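Notes for the structure review
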Amino acid sequence: MPAPVETKTVRGATLHCDPAREECFTVVELHKDLCDYDDMSEISQRQRLHRHMHNEMQTLEIVAAMIADFQDAPWELRMQLARQCWDETRHSAILYRRLRDMGGRKGEFPVMNYEWGVTKLLNSMPARLAVQQRTFEGGEMDLLRQQVGMWSAANDFETAALMDALLADEVQHVRFANRWLKQAARENARTLLQVASGVQLLKMITEALAPEPGEVNAVGVNLTEFTHVEVLTNVDDRKLAEFTDAELAQLLRNEGFSSLVQSTESP
Ligand SMILES: [Fe+2]
Ligand SMILES: [Fe+2]
């Protein structure tokens, strides 16, 4: 079992305290304090790389904590998590290098440790795999597919190729979590309860921290519009990561494609 957790309260929600950060970083607690731009200007490009680099750092910390906190987990799963740590380290370094190539620097923009704050509260391996790999990294697969197109459209084919390479690794991370969760659920029905409690906690915290209508961030971007930029389900890569047809159908329904889903599901 993990050690007792140190928590903080943000907008009424309990989150785990932030991980240690070098002094160059400004750590904030709400989306409104970030500098996420909604275009592809030079500063926005650097900010996107910086946010992504920090997200990869955070993923490394979350996965390393899974190994440290659940030392009784099956050896093969711990090996998969250790391999993932290596991937996330590489991802952080690749993005840091690209950020510097583009004139940026570590700590240039504020950062937020939302994923860490949620996952470190979860006291079972199934809950952490469901929230971190299946939900956060599953979502990252959708985002990365979109990013390949955005960087290509900005004529930055080098960064577009980096996004495509990172996506290939993310598919592996989501796939091993999906496989392990399915097997664990077959062996022990309690796994599903643990997954459900993890997803429920994520939902509660996400709702508590969600921007209010019309709220703008530190660079004046309207957050309720910004969070609805088109990030659609990356069906092909999610299939590779072994999401089932029923799970993909549910995601597509959530995006307003129910008629399409019904027609493809009918015999
Ligand atoms: Fe990654
Ligand atoms: Fe990953």
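**Let's talk about the overall build of the protein**
- Helix and strand content of the protein: ten helices and four strands.
- Starting at the N terminus and walking to the C terminus, you meet the elements of the protein as β-β-β-α-α-β-α-α-α-α-α-α-α-α.
- Taking 267 residues into account, the globule formula puts the C-alpha radius of gyration at 18 Å, and the protein, at 18 Å, falls close to it.
- Within the span of the protein, comprising 267 residues, buried residues form 48% of the whole.
- Taking the intrachain contacts of the protein between residues at least 6 apart in sequence as the baseline, contacts between residues at least 24 apart amount to 74%.
- Taken as a whole, the protein presents about 13400 Å² of accessible surface, with 54% of it coming from carbon and sulfur.
- Positive and negative charge centroids in the protein, built from 28 and 41 side chains respectively, lie 4 Å apart.

**Here we look at the packing of helix H1 (residues 42-69) against helix H5 (residues 157-187)**
- Two elements in contact, H1 and H5, have axes separated by 14 Å at closest approach and are oriented at 20°. In this view, H1 runs roughly parallel relative to H5, as classed from their interaxial angle. In the crossing of H1 with H5, the sense of the turn from one axis to the other is left-handed. Of the residues in H5, those touching H1 at Leu 49, His 52 and Glu 56 are Thr 159, Met 163, Leu 166 and Glu 170.
- Per-class residue counts for the contact of H1 with H5 are three nonpolar, two polar and two charged.

**Topic: the coordination of the iron ion (ligand 1)**
- For the iron ion (ligand 1), the protein coordination sphere consists of Glu 56 (OE), Glu 88 (OE), His 91 (ND1) and Glu 170 (OE), at 2.0 to 2.3 Å.
- Coordination at the iron ion (ligand 1) is irregular: its four donor atoms span angles of 83 to 145° at the metal.
- The sequence pattern describing where the donors of the iron ion (ligand 1) fall on their chain is E-x31-E-x2-H-x78-E.

**Some thoughts on helix H4 (residues 125-153)**
- Over its 29 residues, H4 runs 40 Å from end to end, which matches the ideal 42 Å to within 8%, given 1.5 Å per residue.
- Where H4 bends most, the angle comes to about 25°, and this point is Glu 137.
- Downstream of H4 by a residue or two, Asn 155 has a phi angle that is positive, lying close to 60°.

**Digging into the coordination of the iron ion (ligand 2)**
- Taken together, the protein donors to the iron ion (ligand 2) comprise Glu 88 (OE), Glu 137 (OE), Glu 170 (OE) and His 173 (ND1), at separations of 1.9 to 2.2 Å.
- Here the iron ion (ligand 2) is ringed by four donor atoms whose angles at the metal span 90 to 157°, and the overall shape comes out irregular.
- The two metals, the iron ion (ligand 2) and the iron ion (ligand 1), are separated by 3.4 Å and share Glu 88 as a common coordinating residue. Residue Glu 170 and its partner His 173 are both found in helix H5; the two are separated by three residues, about one turn of the helix.

**Observations regarding the packing of aromatic side chains**
- Considering all chains together, one arrives at one aromatic pair under this definition.
- The lysine or arginine in question, Arg 100, covers the ring of Tyr 96, its NZ or CZ lying 4.1 Å from the ring centre.
- The residue whose ring lies beneath Arg 238 is Phe 243, and the NZ or CZ to ring-centre distance is 4.8 Å.

**Section: the nonpolar core**
- In terms of nonpolar packing, the biggest core is built from 22 residues, with Leu 49, Met 53, Leu 95, Met 141, Met 163, Ala 241 and Phe 243 touching the most fellow members.
- For this core, the secondary-structure elements that each account for two or more residues are H1, helix H2 (75-101), H4 and H5.
- Of all the elements, H5 adds the most residues to this core, at seven residues.
- Once you skip the residues sitting within four places of it in the chain, Leu 95 turns out to touch Leu 49, His 52, Met 53, Glu 56, Met 163 and Leu 166.

**Things to note about empty space enclosed by the protein**
- Scanning the entire structure with this criterion turns up one cavity of 30 Å³ or more.
- A volume near 50 Å³ is recorded for the largest cavity.
- Residue classes in the lining of the largest cavity are distributed as six nonpolar, one polar and three charged.

**Focus: the pattern of salt bridges**
- The full count for this structure, using the stated rule, is 22 salt bridges.
- Glu 247 serves as the salt-bridge partner of Arg 134, at 3.2 Å between the closest nitrogen and oxygen. Separated by 113 residues along the polypeptide, Arg 134 in helix H4 and Glu 247 in helix H9 (residues 245-254) bring together distant segments of the chain.
- The exposure class of Arg 134 is partly exposed, given its relative accessible area of 23%.
- The exposure class assigned to Glu 247 is partly exposed, which follows from its relative accessible area of 24%.
- For the salt bridge of Asp 164 with Arg 145, the shortest nitrogen-to-oxygen distance reads 3.6 Å. Placement of the pair is Asp 164 in helix H5 and Arg 145 in helix H4, with a sequence separation of 19 residues.

**Remarks on the packing of H4 against H5**
- Put simply, H4 and H5 touch, their axes get as near as 8 Å, and they point 155° apart. If you check the angle between H4 and H5, you find them roughly antiparallel. As H4 runs across H5, the sense of the crossing is left-handed.

Definitions and cut-offs
- Residues numbered from 1 in each chain as written.
- Chains lettered and ligands numbered in written order.
- Predicted model: local features only at pLDDT ≥ 70, side-chain atom pairs only at ≥ 80, totals over all residues.
- Heavy atoms only, no water.
- Helix = DSSP H or I, 4+ residues; strand = E, 2+ residues; numbered from the N terminus.
- Rg over C-alpha atoms; globule rule 2.2 N^0.38 Å.
- Buried < 20%, exposed > 50% of the residue type's maximum accessible area, 1.4 Å probe, protein only.
- Contact = heavy atoms within 4.5 Å.
- Areas by Shrake-Rupley, 256 points an atom, 1.4 Å probe, with all protein chains shown as cover.
- Lys, Arg positive; Asp, Glu negative; His and termini not counted.
- Charge placed at Lys NZ, Arg CZ, Asp CG, Glu CD.
- Axes fitted to C-alpha atoms, helices over the stretch in contact; angles between N-to-C directions.
- Parallel < 35°, antiparallel > 145°, perpendicular 65-115°, else oblique.
- Left-handed = near helix turned anticlockwise from the far one by under 90°.
- Nonpolar A, V, L, I, M, F, W, Y, C, P; charged D, E, K, R; others polar.
- Donors = N, O, S within 2.8 Å, 3.2 Å for Na, K, Ca; no water.
- Tetrahedral: all angles 85-135°; square planar, octahedral: opposite > 155°, others 65-115°.
- Expected span 1.5 Å × (residues − 1).
- Bend = angle between axes of the 7 residues up to and from the residue.
- Phe/Tyr/Trp six-rings, centres within 6.5 Å; stacked < 30°, edge-to-face > 60°.
- Lys NZ or Arg CZ within 6 Å of the ring centre and 35° of its normal.
- Core = buried A, V, L, I, M, F, W, Y, C linked by side-chain atoms within 4.5 Å.
- 1 Å grid on protein atoms, 1.4 Å probe; cavity = no way out; pocket = protein on both sides within 12 Å on 5 of 7 lines; lining within 4 Å.
- Points joined across faces, edges and corners; volume = space filled by probe spheres on them.
- Salt bridge = Lys/Arg side-chain N within 4 Å of Asp/Glu carboxyl O.

Structural measurements only, silent on function.
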